[in-house]
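# A closer look at the structure
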Amino acid sequence: MTPVDDDAPPASAAESLELIRKERAAAARTLQLNPLLYYVPWGGAWLIGFGLLFLRYGPNGRVFVDLPDWLPLASLFALMALAMMATVGVSAVRGRGLAGRSSWQGTAYGFAWFFAYAGVGTTTNHFARLLPENERGLLWACVSVGLVATMYMAGAAVWMSRDMFIFGAWLTVINIAGVAAGPGWHSLLISLGGGGGLILLGLLLQVRARR
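As the structure is a prediction and not an experimental result, all values here were calculated from the model. (Residues numbered from 1 in each chain as written. Predicted model: local features only at pLDDT ≥ 70, side-chain atom pairs only at ≥ 80, totals over all residues. Heavy atoms only, no water.)

## Re the confidence of the model for the chain
The share of residues in the chain with pLDDT of 70 or more is 80%, and the mean pLDDT across the chain is 85. For the chain, per-element mean pLDDT is lowest for helix α1 (residues 13-31), which scores 53, and highest for helix α6 (residues 162-181), which scores 96. Below a pLDDT of 50 lies the segment residues 25-31, which in the model reaches three contacts outside its immediate sequence neighbourhood of four places, other chains included. (pLDDT = per-residue confidence, 0-100. Helix = DSSP H or I, 4+ residues; strand = E, 2+ residues; numbered from the N terminus. Contact = heavy atoms within 4.5 Å.)

Structure below.
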């Protein structure tokens, strides 16, 4: 029986191509992370946070559940902070195996989120004080959600992801519908359509990755 030398070079071009394919597949499995780690924390934050806003500050000032005034926003911000920590952690783990163009894309996209929110937040804060309190909350919510939708569609071009673009477009549609419907209804649409949509997107991508 002739011994097999594992260190021997491929005997043909076909074997070389097959070896390259296997190495790429192995690298992809190493770098690929569960999409639920990205989307479920944010989806849960929006689903619960905006849901509480709807229950406390419903349409036409209606109170469905008599919650403390501070609880809905505090819950939303706390859950979003936890989601941000999860995203940073997952991105850091994934970034360890990336270099070159992919690393630059991820870094630039991350800083784009930071600068976009800083600019939009400053502008919105300046003009929000001129509005009634309920309209002020609607302004903050619709501008923030609109920014998220735009960044998702821009990210779709960076990562060549049709799913990201579809979700960004969907988020834009329900954001516009919520603004047209007014305070209260906007929170409900973003809670169910935005938060629920993020969770659904994560589940869809996870199922697709397993296949």
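## Things to note about a nonpolar patch on the surface
Judged by side-chain polarity, L47, I48 and L192 come together as a nonpolar surface patch covering roughly 260 Å² of accessible area. Tracing the chain through its elements places I48 in helix α2 (residues 36-56). Judged by its relative accessible area of 44%, I48 falls in the partly exposed class. (Patch = residues over 30% accessible without salt bridge, like charges linked within 9 Å, V, L, I, M, F, W, Y side chains within 5 Å. Areas by Shrake-Rupley, 256 points an atom, 1.4 Å probe, with all protein chains shown as cover. Salt bridge = Lys/Arg side-chain N within 4 Å of Asp/Glu carboxyl O. Buried < 20%, exposed > 50% of the residue type's maximum accessible area, 1.4 Å probe, protein only.)

## A short note on the side chain of R56
By the secondary structure assignment, R56 is in helix α2. Classification of R56 by relative accessible area gives buried; the value is 13%. Ignoring anything within four residues of it in the chain, the contact list for R56 reads R62, V63, V65, D66, L67, P68, D69 and P72.

## Quick notes on the nonpolar core
If you look at soluble globular proteins, the nonpolar side chains tend to sit buried side by side. Membership of the largest hydrophobic core comes to 26 residues, with the highest contact counts inside it found for Y39, W46, F50, Y152, L171 and L198. For this core, the secondary-structure elements that each account for two or more residues are α2, α3 (71-95), α4 (101-128), α5 (133-159), α6 and α7 (185-210). Filtering out sequence-adjacent residues up to four positions away, L198 remains in contact with Y39, W42, G43, W46, Y152 and F167. (Core = buried A, V, L, I, M, F, W, Y, C linked by side-chain atoms within 4.5 Å.)

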